[in-house]
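Architecture at a glance
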Amino acid sequence: MKLYRLLTGPDDASFCHKVTAALNKGWLLSGSPAYAFDAETKTMKCAQAVYKEVKGVDYVPEMKLGEQ
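None of the values given here were measured: they were computed from a predicted structure.

Below, the discussion takes up the overall build of the protein. A tally of helices and strands in the protein yields 1 helix and 3 strands. Overall, the C-alpha framework of the protein stretches about 45 × 25 × 20 Å when taken along its three principal axes. Considering only residue pairs separated by 6 or more positions, the protein has 56% of its internal contacts joining residues 24 or more positions apart. Of the roughly 4,900 Å² of accessible surface on the protein, 56% is carried by carbon and sulfur atoms. Of note, the protein has its 9 positive side-chain charges centred 4 Å away from the centre of its 8 negative side-chain charges.

Rules behind the numbers
Residue positions are counted from 1 within each chain, in the order its sequence is given. Predicted model: local features are reported for residues with pLDDT of at least 70 only, side-chain atom pairs are reported and counted for 80 or more only, and whole-chain, interface and lining totals are derived from all residues. Values shown for side chains rest on all heavy atoms present in the structure; no hydrogens or waters enter the calculation. In this text, helices come from DSSP runs of H or I with a minimum length of four residues, and strands from runs of E with a minimum of two, each type numbered from the N-terminal end. Here, residues are in contact when the closest pair of their heavy atoms is within 4.5 Å. Per-residue and other accessible areas were derived by the Shrake-Rupley procedure at a 1.4 Å probe size, with only the shown protein chains allowed to occlude residues. Counted as positive: Lys and Arg. Counted as negative: Asp and Glu, with His and the chain ends omitted from the count. Throughout, a charge is located at the NZ atom of Lys, the CZ atom of Arg, the CG atom of Asp or the CD atom of Glu.

Pasting the structure below:
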């Protein structure tokens with residue numbers, strides 16, 4: 001089964017740590033990161049798609065993807 005997640009957060013070190021943690025759990029980058037300005041908070045936001053293939057597990061909508 002292939003799993004997909006979109007990691008999001010502020011454009012700061014915490015976002016980099018979130019992506020680094022996912023990579024170290026076996027997730028792979030999918031495409032380039034995206035950046036957008038949040039006019040409400042006047043801050044930049046980041047997004048990075050990641051995916052992972054897990055064998056021997058069937059997908060169910062209730063699963064917590066970050067724990068796979």
